[in-house]
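Observations on chain architecture
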Amino acid sequence: MNERLQNDLKAELEKLEEQNLLWNPRTLEGPSAAHSDVDGKDVVMLCSNNYLGLSNHEVLKNAAMEALKKYGVGSGSVRPIAGTFDLHLKLEETIARFKHTEDALYYNTGFTVNSGAIPALLRPGDAVISDELNHGSIIDGVRLTKAERYIYKHRDVGELEQRLKEAQAKNPPRILVITDGVFSMDGDVAPLDKIVPLVEQYNACLYVDDAHGDGVLGEHGRGTVSHFKVEGRVDVDMGTFSKGFGTMGGFVACSKTMKKYLLNKSRTWLLTSSHSAPVVAASIASLELLERSDELVKKLWENTDYYKKRLKELGFDTGESTTPITPVMTYDEGKARKMSIRLFEEGVYALPIVFPMVAKGKARIRTMVRADLSREDLDFAIDKIEKVGKELEIIK
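Residues numbered from 1 in each chain as written. Predicted model: local features only at pLDDT ≥ 70, side-chain atom pairs only at ≥ 80, totals over all residues. Heavy atoms only, no water.

Let us look at a nonpolar patch on the surface. Residues Leu-13, Leu-16 and Leu-22 make up a contiguous nonpolar surface patch of about 220 Å² in total accessible area. Mapped onto the elements, Leu-13 comes out in helix H1 (residues 3-18). (Patch = residues over 30% accessible without salt bridge, like charges linked within 9 Å, V, L, I, M, F, W, Y side chains within 5 Å. Areas by Shrake-Rupley, 256 points an atom, 1.4 Å probe, with all protein chains shown as cover. Salt bridge = Lys/Arg side-chain N within 4 Å of Asp/Glu carboxyl O. Helix = DSSP H or I, 4+ residues; strand = E, 2+ residues; numbered from the N terminus.)

Counting across every chain of the model gives six aromatic pairs. Each ring, one from Phe-344 and one from Tyr-349, has its centre 5.7 Å from the other, and the planes form 75 degrees; the classification is edge-to-face. Tyr-349 carries the same exposure label as Phe-344, and that label is buried. Three or more aromatic residues joined by ring pairs form one cluster here, namely Phe-98, Tyr-106, Phe-241, Phe-245 and Phe-251. Residue placement shows Arg-26 over the ring face of Phe-344; its charged tip is 3.7 Å from the ring centre. In this structure, Arg-375 is placed above the aromatic ring of Tyr-306, and the distance from its NZ or CZ to the ring centre is 3.8 Å. (Phe/Tyr/Trp six-rings, centres within 6.5 Å; stacked < 30°, edge-to-face > 60°. Buried < 20%, exposed > 50% of the residue type's maximum accessible area, 1.4 Å probe, protein only. Lys NZ or Arg CZ within 6 Å of the ring centre and 35° of its normal.)

Right, let's talk about the side chain of Lys-259 for a bit. When you line up the elements, Lys-259 lands in helix H9 (residues 256-265). We classify Lys-259 as buried; its relative accessible area is 12%. A polar atom in the side chain of Lys-259 sits 2.9 Å from the side chain of Glu-92. Leave out the neighbours within four places in its chain, and Lys-259 touches Glu-92, Asp-103, Ala-104, Leu-105 and Cys-254. (Polar contact = N/O pair within 3.5 Å; in protein donor to acceptor, adjacent residues only side chain to side chain. Contact = heavy atoms within 4.5 Å.)

Under the definition given, this model contains 30 salt bridges. Two residues, Asp-237 and Lys-99, come together in a salt bridge whose shortest N-O distance is 3.4 Å. Of this pair, Asp-237 sits in strand S8 (residues 236-240) while Lys-99 sits in helix H3 (residues 86-99), and the two are 138 residues apart along the sequence. Accessibility expressed as a relative area gives 3% for Lys-99, which makes it buried. Glu-200 is the partner of Arg-233 in a salt bridge, and the nearest nitrogen-oxygen pair spans 2.7 Å. Of this pair, Arg-233 sits in the loop between helix H8 (224-227) and S8 while Glu-200 sits in helix H7 (residues 192-201), and the two are 33 residues apart along the sequence. Overall, Arg-233 belongs to the partly exposed group, its relative accessible area being 37%. A relative accessible area of 40% means that Glu-200 is categorised as partly exposed. Here the residues in one salt-bridge network are Arg-342, Glu-345, Glu-346, Lys-384, Lys-387 and Glu-391, joined through shared partners.

Within the open sheet, the three strands sit side by side as S10-S13-S12. Their pairing is antiparallel. Edge positions in the sheet fall to strand S10 (325-331) and strand S12 (351-353), since each has one partner strand and no second. Across the sheet, the axes of successive neighbouring strands diverge by a mean angle of 35 degrees, strand direction being ignored. Judged from the six bridges that link them, S10 and strand S13 (residues 363-368) form a sheet pairing that is antiparallel. By the bridge assignment, Val-328 is partnered in S13 with Ile-365. (Pairing = 2+ DSSP bridges. Axes fitted to C-alpha atoms, helices over the stretch in contact; angles between N-to-C directions.)

As structure tokens, then:
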């Protein structure tokens, strides 16, 4: 073992600790539920992406157990060789039907979609234009390309047009605009009703990462593209099962041509062993459940509207959020950390988001509303947030 490497790593960790940037993850000792057992303590869960509570839903668990009996626990291969079950193909058909696209391609995670599909779609000489607050997986995907890179101010359609003009002036073979659908730190939404016509005007292509929009926005939780009624006008509708849909895996909903291209060119799809059948079966069950009923989506929004209204009445600043992602702004990094610790002591699990995850002076507690939270759960959490907020002089 290289001693110099170990010492260098220890020094880096010490720097992170001095800056209060070390992650020390807590441990769930049961399912991700509205009430979760975290580090041996029963808490109201307000920091999970499990928006609809589907990760512990009986329908999904039953589907997974049936698939386990038939297919076992692993696939034994990558998809192109011997790792494609009939269930993988059924899932892709279900995604396409749910998303109203021609076809779909299922990946292992949302991160592997962005780190594989973006480099596959961008060649030397192409141009990529990205929102400044796009997810880190998009940033990493773009870094893996040799395309000319442009950044536009967050959700600023005027600056996006300026970047389109700058890119078009260099006459690239392809221009790809990339945006999150819902932005994970602030809970605001990309204005696709304005972005789509602009992209079409400049004959560019559009890639929407809808990880936090799936299961949340649109008809029956079909996402941001559905919400803005621009289905059929987005080239890549990327999503993930690990949030609103309650399971695991990422996907691209797209044309048949796009699917065939990516399964031949995207390294993260080609070179990663495929998901096990139980995960795939549960993912199919999740989408079929939402196709049958939008009850959970409606409940999510009832909870979200109630929660945001109560926080604002108490005097909390929830930023620009229009989704279940609800920041409780502290602005002060120290207060954000103290608030998270105190909330956990009071029985509410919510994490601080501080620099460098957000800009300096923009610290917050990021809370995530869920469909399976009862009104009593919400009132309990709000009461504790009020109590701690007053202790720390965030509100009066």
